[in-house]
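# Working through the structure, step by step
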Amino acid sequence: MPTVQTSSSLRFAFLVTCAGGFLDSYTYLARGGAFATAQTGNVVFFAVEIAQRHPMQALAHVWPILAFLVGIGAAVHIRKGRLDRVLPHPIRLTVALQATILTIVGFIPSSAPHYTVTIPIAFVAAMQIEMFRNVAGHNYVAIATTGNLMRLVEAAHGVAVDRDPESRRPLAIYLGVVGIFAAGALIGALTTHLIGVHAAWIPAAFLGITLALFIWDERDTPGVAETDEPAP
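Remember, predicted model here, so these are calculated numbers, not experimental data.

Attention now moves to unusual backbone geometry. Of note, Ala136 is a non-glycine position whose phi angle comes to about 50 degrees, a positive value. Among the structural elements, Ala136 can be located in the loop between strand S1 (134-135) and strand S2 (138-139). Classification of Ala136 by relative accessible area gives partly exposed; the value is 22%. Of note, Arg163 is a non-glycine position whose phi angle comes to about 55 degrees, a positive value. Along the polypeptide, Arg163 turns up in the loop between helix H7 (146-160) and helix H8 (168-195).

And the structure:
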(Lines give C-alpha, C1' and ligand atoms only; values in the text may rest on other atoms or scores of the structure.)
Protein backbone atom coordinates (compact mmCIF):
# COMPACT_ATOMS: atom_id res chain seq x y z
CA MET A 1 0.00 0.00 0.00
CA PRO A 2 1.48 3.40 -0.95
CA THR A 3 2.38 5.72 1.90
CA VAL A 4 1.44 8.83 -0.07
CA GLN A 5 -1.14 9.47 -2.75
CA THR A 6 0.07 8.95 -6.30
CA SER A 7 0.00 12.60 -7.34
CA SER A 8 1.99 13.58 -4.23
CA SER A 9 4.71 10.96 -4.69
CA LEU A 10 8.26 11.76 -5.73
CA ARG A 11 8.12 9.55 -8.82
CA PHE A 12 4.99 11.32 -10.04
CA ALA A 13 6.43 14.79 -9.32
CA PHE A 14 9.66 13.95 -11.12
CA LEU A 15 7.85 12.73 -14.23
CA VAL A 16 5.56 15.78 -14.43
CA THR A 17 8.43 18.19 -13.73
CA CYS A 18 10.63 16.51 -16.33
CA ALA A 19 7.82 16.99 -18.83
CA GLY A 20 7.62 20.68 -17.86
CA GLY A 21 11.32 21.28 -18.50
CA PHE A 22 11.10 19.30 -21.73
CA LEU A 23 8.20 21.39 -23.07
CA ASP A 24 10.02 24.67 -22.46
CA SER A 25 12.96 23.49 -24.58
CA TYR A 26 10.62 22.03 -27.17
CA THR A 27 8.52 25.13 -27.72
CA TYR A 28 11.57 27.40 -27.69
CA LEU A 29 13.47 25.36 -30.29
CA ALA A 30 10.68 23.99 -32.48
CA ARG A 31 7.77 26.38 -32.03
CA GLY A 32 8.96 29.91 -32.66
CA GLY A 33 11.09 30.67 -29.61
CA ALA A 34 8.12 30.62 -27.24
CA PHE A 35 7.85 29.47 -23.64
CA ALA A 36 4.34 28.05 -23.60
CA THR A 37 4.21 26.67 -20.06
CA ALA A 38 4.82 29.53 -17.59
CA GLN A 39 3.13 32.71 -18.82
CA THR A 40 5.55 35.37 -17.54
CA GLY A 41 7.21 35.60 -20.94
CA ASN A 42 3.90 36.06 -22.75
CA VAL A 43 2.88 38.87 -20.41
CA VAL A 44 6.24 40.63 -20.98
CA PHE A 45 6.12 40.10 -24.75
CA PHE A 46 2.56 41.42 -24.85
CA ALA A 47 3.59 44.57 -23.00
CA VAL A 48 6.63 45.08 -25.25
CA GLU A 49 4.58 44.68 -28.44
CA ILE A 50 1.97 47.13 -27.16
CA ALA A 51 4.71 49.63 -26.28
CA GLN A 52 6.10 49.26 -29.80
CA ARG A 53 2.62 49.71 -31.29
CA HIS A 54 2.36 46.22 -32.74
CA PRO A 55 -1.19 45.26 -31.71
CA MET A 56 -1.44 42.14 -33.88
CA GLN A 57 1.85 40.76 -32.60
CA ALA A 58 0.72 41.57 -29.06
CA LEU A 59 -2.53 39.67 -29.65
CA ALA A 60 -0.55 36.53 -30.49
CA HIS A 61 0.66 36.44 -26.88
CA VAL A 62 -2.84 36.83 -25.47
CA TRP A 63 -4.19 33.47 -26.66
CA PRO A 64 -1.78 31.27 -24.65
CA ILE A 65 -2.52 33.36 -21.55
CA LEU A 66 -6.25 32.86 -22.05
CA ALA A 67 -5.74 29.12 -22.62
CA PHE A 68 -3.72 29.01 -19.40
CA LEU A 69 -6.54 30.71 -17.48
CA VAL A 70 -9.10 28.29 -18.92
CA GLY A 71 -6.87 25.36 -17.95
CA ILE A 72 -6.57 26.66 -14.39
CA GLY A 73 -10.34 27.06 -14.14
CA ALA A 74 -10.96 23.56 -15.47
CA ALA A 75 -8.40 22.06 -13.08
CA VAL A 76 -9.90 23.85 -10.06
CA HIS A 77 -13.32 22.53 -11.03
CA ILE A 78 -12.00 18.97 -11.24
CA ARG A 79 -9.81 19.19 -8.12
CA LYS A 80 -12.73 20.32 -6.01
CA GLY A 81 -14.70 17.24 -6.99
CA ARG A 82 -17.28 18.97 -9.18
CA LEU A 83 -17.14 16.19 -11.77
CA ASP A 84 -16.87 13.21 -9.44
CA ARG A 85 -20.52 12.22 -9.99
CA VAL A 86 -20.15 12.40 -13.76
CA LEU A 87 -16.66 10.98 -14.26
CA PRO A 88 -15.54 7.91 -12.29
CA HIS A 89 -11.84 8.81 -12.35
CA PRO A 90 -11.53 12.56 -13.11
CA ILE A 91 -7.81 12.92 -12.34
CA ARG A 92 -6.92 9.90 -14.47
CA LEU A 93 -8.99 11.28 -17.33
CA THR A 94 -7.31 14.67 -16.94
CA VAL A 95 -3.85 13.11 -17.23
CA ALA A 96 -5.03 11.09 -20.24
CA LEU A 97 -6.33 14.30 -21.85
CA GLN A 98 -2.99 16.02 -21.32
CA ALA A 99 -1.10 13.10 -22.85
CA THR A 100 -3.50 13.05 -25.80
CA ILE A 101 -3.06 16.77 -26.44
CA LEU A 102 0.72 16.44 -26.51
CA THR A 103 0.47 13.43 -28.81
CA ILE A 104 -1.60 15.49 -31.25
CA VAL A 105 0.89 18.38 -30.96
CA GLY A 106 3.61 16.02 -32.17
CA PHE A 107 1.72 15.60 -35.45
CA ILE A 108 1.38 19.34 -36.13
CA PRO A 109 4.01 20.35 -38.72
CA SER A 110 6.48 23.14 -38.08
CA SER A 111 4.89 25.11 -40.92
CA ALA A 112 1.65 25.49 -38.95
CA PRO A 113 1.03 28.73 -37.04
CA HIS A 114 2.77 28.55 -33.70
CA TYR A 115 -0.40 29.37 -31.77
CA THR A 116 -1.82 25.99 -32.81
CA VAL A 117 0.79 24.49 -30.47
CA THR A 118 1.35 27.12 -27.79
CA ILE A 119 -2.36 27.34 -26.95
CA PRO A 120 -2.92 23.62 -26.18
CA ILE A 121 0.43 23.37 -24.38
CA ALA A 122 -0.49 26.36 -22.22
CA PHE A 123 -3.75 24.60 -21.35
CA VAL A 124 -1.89 21.41 -20.39
CA ALA A 125 0.65 23.35 -18.30
CA ALA A 126 -2.13 25.15 -16.43
CA MET A 127 -3.78 21.88 -15.46
CA GLN A 128 -0.45 20.52 -14.25
CA ILE A 129 0.42 23.53 -12.09
CA GLU A 130 -3.04 23.63 -10.50
CA MET A 131 -3.65 19.94 -9.92
CA PHE A 132 -0.18 18.71 -9.04
CA ARG A 133 1.61 21.05 -6.64
CA ASN A 134 2.40 18.94 -3.61
CA VAL A 135 5.21 16.41 -3.31
CA ALA A 136 5.68 14.45 -0.09
CA GLY A 137 4.02 17.23 1.90
CA HIS A 138 5.95 20.10 0.27
CA ASN A 139 4.72 22.61 -2.30
CA TYR A 140 6.43 22.69 -5.69
CA VAL A 141 5.85 23.95 -9.23
CA ALA A 142 5.94 21.40 -12.03
CA ILE A 143 6.23 23.75 -15.01
CA ALA A 144 8.81 26.30 -13.82
CA THR A 145 11.81 26.36 -11.54
CA THR A 146 11.96 29.81 -9.87
CA GLY A 147 9.77 28.92 -6.90
CA ASN A 148 11.51 25.58 -6.49
CA LEU A 149 14.91 27.30 -6.45
CA MET A 150 13.66 29.65 -3.74
CA ARG A 151 12.51 26.73 -1.59
CA LEU A 152 15.77 24.91 -2.29
CA VAL A 153 17.78 27.82 -0.89
CA GLU A 154 15.45 28.10 2.12
CA ALA A 155 15.96 24.41 2.88
CA ALA A 156 19.72 24.69 2.37
CA HIS A 157 19.80 27.63 4.77
CA GLY A 158 17.91 25.53 7.30
CA VAL A 159 20.48 22.74 7.03
CA ALA A 160 23.67 24.81 6.83
CA VAL A 161 22.86 27.78 9.07
CA ASP A 162 20.02 26.77 11.39
CA ARG A 163 21.30 23.20 11.77
CA ASP A 164 17.71 22.03 11.46
CA PRO A 165 17.58 18.29 10.74
CA GLU A 166 14.00 18.59 9.47
CA SER A 167 15.28 20.71 6.56
CA ARG A 168 17.28 17.82 5.13
CA ARG A 169 14.34 16.07 3.50
CA PRO A 170 12.94 19.19 1.75
CA LEU A 171 16.49 20.02 0.65
CA ALA A 172 16.78 16.60 -1.01
CA ILE A 173 13.31 16.93 -2.55
CA TYR A 174 13.95 20.37 -4.06
CA LEU A 175 17.39 19.34 -5.29
CA GLY A 176 15.65 16.50 -7.09
CA VAL A 177 12.85 18.65 -8.48
CA VAL A 178 15.21 21.38 -9.76
CA GLY A 179 17.59 18.79 -11.16
CA ILE A 180 14.88 16.86 -12.98
CA PHE A 181 13.49 20.06 -14.50
CA ALA A 182 16.96 20.85 -15.86
CA ALA A 183 17.31 17.26 -17.07
CA GLY A 184 13.95 17.50 -18.82
CA ALA A 185 15.05 20.71 -20.55
CA LEU A 186 18.28 19.03 -21.67
CA ILE A 187 16.45 15.95 -22.95
CA GLY A 188 13.97 18.24 -24.70
CA ALA A 189 16.74 20.18 -26.43
CA LEU A 190 18.58 17.06 -27.59
CA THR A 191 15.54 15.19 -28.85
CA THR A 192 14.03 18.26 -30.53
CA HIS A 193 17.25 18.68 -32.49
CA LEU A 194 17.06 15.01 -33.45
CA ILE A 195 13.40 14.50 -34.36
CA GLY A 196 11.94 18.01 -34.52
CA VAL A 197 8.27 18.58 -33.76
CA HIS A 198 7.67 14.88 -33.09
CA ALA A 199 9.61 15.28 -29.83
CA ALA A 200 6.31 16.27 -28.17
CA TRP A 201 5.54 12.56 -28.05
CA ILE A 202 8.18 12.11 -25.34
CA PRO A 203 6.49 14.27 -22.65
CA ALA A 204 3.24 12.64 -23.77
CA ALA A 205 4.87 9.32 -22.86
CA PHE A 206 5.92 10.73 -19.47
CA LEU A 207 2.31 11.60 -18.75
CA GLY A 208 1.26 8.17 -20.00
CA ILE A 209 3.54 6.65 -17.37
CA THR A 210 1.95 8.83 -14.67
CA LEU A 211 -1.44 7.52 -15.77
CA ALA A 212 -0.13 3.99 -15.39
CA LEU A 213 1.01 4.89 -11.86
CA PHE A 214 -2.51 5.95 -10.93
CA ILE A 215 -3.91 2.67 -12.21
CA TRP A 216 -1.18 0.56 -10.59
CA ASP A 217 -1.49 2.23 -7.18
CA GLU A 218 -5.27 2.00 -7.15
CA ARG A 219 -4.97 -1.70 -7.86
CA ASP A 220 -4.31 -2.27 -4.14
CA THR A 221 -5.93 0.83 -2.62
CA PRO A 222 -9.09 1.84 -4.51
CA GLY A 223 -9.76 5.57 -4.53
CA VAL A 224 -6.41 6.76 -3.16
CA ALA A 225 -5.18 8.17 -6.46
CA GLU A 226 -8.35 10.19 -7.05
CA THR A 227 -8.60 12.03 -3.76
CA ASP A 228 -5.44 14.14 -3.72
CA GLU A 229 -5.95 17.69 -2.50
CA PRO A 230 -2.77 19.74 -2.99
CA ALA A 231 -1.56 21.90 -0.16
CA PRO A 232 -2.41 25.62 -0.48
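Here the structure, examined in full by the defined rule, presents two salt bridges. Across the pair Arg79 and Glu130 runs a salt bridge, and its minimum N-O distance is 2.6 Å. With Arg79 in helix H4 (residues 62-79) and Glu130 in helix H6 (residues 115-131), the pair connects residues that are 51 residues apart, well separated along the chain. Exposure remark for Glu130: the relative accessible area of 11% places this residue in the buried category. For the salt bridge of Glu130 with Arg133, the shortest nitrogen-to-oxygen distance reads 3.4 Å. One salt-bridge network, in which partners are shared between bridges, spans Arg79, Glu130 and Arg133.

Turning next to a nonpolar patch on the surface. Together, Met56, Leu59, Trp63, Leu66 and Leu69 make up an exposed nonpolar region whose accessible area comes to about 500 Å². Of all the secondary-structure elements, those providing two or more residues to the nonpolar patch are helix H3 (55-60) and H4. Per-element tally for the nonpolar patch: the top contributor is H4, with three residues. Residue class for Leu66 comes out partly exposed when judged on its relative accessible area of 38%.

It is at 7 Å that the axes of helix H1 (residues 10-30) and H8 come closest, and there the two elements cross at 40 degrees. In terms of orientation, H1 lies oblique with respect to H8. Like other packed secondary-structure pairs, H1 and H8 cross with a definite hand, here right-handed. Across the contact of H1 with H8, the residue classes tally to 14 nonpolar, ten polar and one charged.

Mean pLDDT over the chain: 88, with 93% of residues reaching 70 or higher. Confidence, read as mean pLDDT per element, is least for H3 in the chain (86) and greatest for H8 (97).

Glancing now at the layout of surface pockets. Estimated volume of the largest pocket: approximately 210 Å³. Lining the largest pocket are 14 residues, with Ala34, Ala60, His61, His114 and Thr118 positioned closest to its centre. Those elements that place two or more of their residues in the lining of the largest pocket are helix H2 (40-51) and H6. Its residues assigned to classes, the lining of the largest pocket shows seven nonpolar, six polar and one charged.

Once that is clear, we can look at the side chain of Thr94. Within the secondary structure, Thr94 is located in helix H5 (residues 90-105). For Thr94, a relative accessible area of 4% corresponds to the buried category. Ignoring sequence-local partners within four residues, the contact set of Thr94 consists of Ile78, Met127 and Met131.

In the structure shown here, the tally under the stated rule is four aromatic pairs. Judged by centre distance (4.8 Å) and plane angle (70 degrees), the rings of Phe12 and Phe132 are edge-to-face. A residue pair is termed long-range when its members are at least 10 positions apart, and Phe12 in helix H1 and Phe132 in the loop between H6 and S1 qualify at 120 residues. For the pair Phe22 and Phe206, a centre-to-centre distance of 6.5 Å together with 85 degrees between the ring planes defines the contact as edge-to-face. Here Phe22, found in helix H1, pairs with Phe206, found in helix H9 (residues 201-218); they are 184 residues apart in sequence, far enough to count as distant. For the pair shown, Phe22 and Phe206 are each scored as buried. An aromatic cluster is present here, built from Phe12, Phe132 and Phe214 joined pairwise through their rings.

Reading the values: the criteria
- Residues numbered from 1 in each chain as written.
- Predicted model: local features only at pLDDT ≥ 70, side-chain atom pairs only at ≥ 80, totals over all residues.
- Heavy atoms only, no water.
- Helix = DSSP H or I, 4+ residues; strand = E, 2+ residues; numbered from the N terminus.
- Buried < 20%, exposed > 50% of the residue type's maximum accessible area, 1.4 Å probe, protein only.
- Salt bridge = Lys/Arg side-chain N within 4 Å of Asp/Glu carboxyl O.
- Patch = residues over 30% accessible without salt bridge, like charges linked within 9 Å, V, L, I, M, F, W, Y side chains within 5 Å.
- Areas by Shrake-Rupley, 256 points an atom, 1.4 Å probe, with all protein chains shown as cover.
- Axes fitted to C-alpha atoms, helices over the stretch in contact; angles between N-to-C directions.
- Parallel < 35°, antiparallel > 145°, perpendicular 65-115°, else oblique.
- Left-handed = near helix turned anticlockwise from the far one by under 90°.
- Nonpolar A, V, L, I, M, F, W, Y, C, P; charged D, E, K, R; others polar.
- pLDDT = per-residue confidence, 0-100.
- 1 Å grid on protein atoms, 1.4 Å probe; cavity = no way out; pocket = protein on both sides within 12 Å on 5 of 7 lines; lining within 4 Å.
- Points joined across faces, edges and corners; volume = space filled by probe spheres on them.
- Contact = heavy atoms within 4.5 Å.
- Phe/Tyr/Trp six-rings, centres within 6.5 Å; stacked < 30°, edge-to-face > 60°.

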